[in-house]
Amino acid sequence: MKNTNTKKLGLFYKIYFIAISVFLMLTVLFLFILNGNISEYNKGIPETVSENFFKSTFLELDADTIIEMSKTKPSEFETRKDIKDFIERIMSSGLTYTSISSDTEDKKYIVKSGEFKCASFTLSMDENGDYYPSSLSLHLPKENSRTYKILDSSKLYINGVEVSNNYKTSEEKHENAKYLPENVTAPQWVTYTIDGLTKEPDVYITDRNGNRPNLLDNEGILYEEIIYDAEESEITDKILAGAKQYAICMQDDAPKSTVYPYFEKGTDLYNSIRSVENSFVWEHSGYAIEDEKISEFFRYDENTVSLRVSFTHVLKKHGQADYRDITDITYFARNIDGQYMIFARHNNI
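Residues numbered from 1 in each chain as written. Predicted model: local features only at pLDDT ≥ 70, side-chain atom pairs only at ≥ 80, totals over all residues. Heavy atoms only, no water.

Looking at the overall build of the chain
Keep this limit in mind: Labels follow the DSSP assignment, with helices taken as runs of H or I lasting at least four residues and strands as runs of E lasting at least two, numbered in each case from the N terminus. Burial here depends on accessible area, computed with a 1.4 Å probe over protein chains only, as a share of the maximum for the residue type. Under 20% is buried, over 50% is exposed, and the range in between is partly exposed. Any two residues whose heavy atoms approach within 4.5 Å at even a single point are treated as in contact. All accessibility values rest on the Shrake-Rupley procedure with a 1.4 Å probe; residue burial counts only the protein chains present in the view.
Looking only at helices and strands, one finds six helices and 16 strands in the chain. Taking all 349 residues of the chain together, the buried fraction comes to 37%. The contacts of the chain with a sequence gap of at least 6 include a subset with a gap of at least 24, amounting to 55%. Accessible surface computed for the chain: about 21300 Å², of which carbon and sulfur atoms make up 50%.

Examining the sheet that holds strand 4 (residues 131–138)
Condition: By this definition, two strands are paired if DSSP reports at least two bridges between them. Each axis is a line fitted through C-alpha atoms, and for a helix only the stretch in contact is used; angles between axes span 0 to 180 degrees, taken between their N-to-C directions.
Read across the open sheet, the four strands follow the order 1-2-3-4; overall the sheet is antiparallel. One side of each edge strand has no neighbouring strand; the edge strands of this open sheet are strand 1 (95–100) and strand 4. Taking each pair of neighbouring strands and ignoring which way they run, the sheet shows an average axis angle of 25 degrees. By the bridge criterion, seven bridges tie strand 3 (residues 116–125) to strand 4 in an arrangement that is antiparallel. Across the sheet, residue Met 125 finds its bridge partner in strand 4, namely Tyr 131.

What to know about the nonpolar core
Going by this rule: Here, the term nonpolar core denotes a set of buried Ala, Val, Leu, Ile, Met, Phe, Trp, Tyr and Cys residues that are joined through side-chain atoms within 4.5 Å.
Membership of the largest hydrophobic core comes to 23 residues, with the highest contact counts inside it found for Ile 239, Tyr 246, Phe 263, Val 305, Val 309, Tyr 331 and Ile 342. Counting only elements with at least two residues in this core, the list comes to helix 5 (233–250), helix 6 (268–275), strand 14 (304–316), strand 15 (323–336) and strand 16 (339–347). Broken down by element, this core gets its largest block of residues, eight residues, from helix 5. Each residue touching Ile 342, except ones within four places of it in the same chain, is listed here: Ile 239, Tyr 262, Phe 263, Glu 264, Leu 269, Tyr 331, Phe 332 and Ala 333. If you look at the next biggest cluster of nonpolar residues, it comprises 22 residues, including Val 49, Phe 53, Ala 63 and Ala 119.

In structure tokens, the structure reads:
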């Protein structure tokens, strides 16, 4: 005969283990649902979203996404590939991101490559309360801006594209402008500023004569090194002769009448020569003109030119060292009845 107590004990354990199994199953199901809810919740919080976005977009370097989200467009002097190459160059290593303060519910972050702030992005909240990447900005280094200063008669080209007046930032008259008559178009310096370049551009200038002048760096501004016009010997010889005769006359080694054939009557310069008193003349027993040089011949129009003349005027003295007067003057001359006459000048020293 079977023991009833044993039967009851076996039934108890059977029910007990079933209950434990059900409990464990319910616990696992609960934890699974809870974990799913937590994971779903974590997907939308800023910390997770920003980290995932930083990793997929910047660390894994999705340049196309960066370009699209930032709405970055290349300048007319570059291509999309240049932008992409730039992104891949500055974000190749050492990237970090940091949260920054915001006045709204949006979350803002900056991305650095070393110490350089190369990008920033924003997270916004959707209608379900979850955050998502809403905007991105790409930052170009300030040194990628270039400033060029050329004559208004020249043309500037960057990567083969002519720079238009849209990039003009200032104009100023050339220093010679103040000596030219009103009816003569004076040269001007034009400054162009080009922003948004991602690399050192290929730059060249063509001047009014088709030459390609060099660019000279002066405190970060690239200036056109003017290529002057071909010298016209008949004109330059006369201006040089007039400049020397003027110097000789001022030291009382020739009468004023020898100077007049080179200078235009009625001009301020001509009148000043007529009225000047040779009261201050270095005592000397002879003279010589040495180291003659002409340069910077510039034709403004069919009748007006300028020429830079330099030489050393040596005054010889008995028993003493010679006095050496260095002259460096730009002379302006115009056609008067077929003859080029000097009408103005300025010292370059």
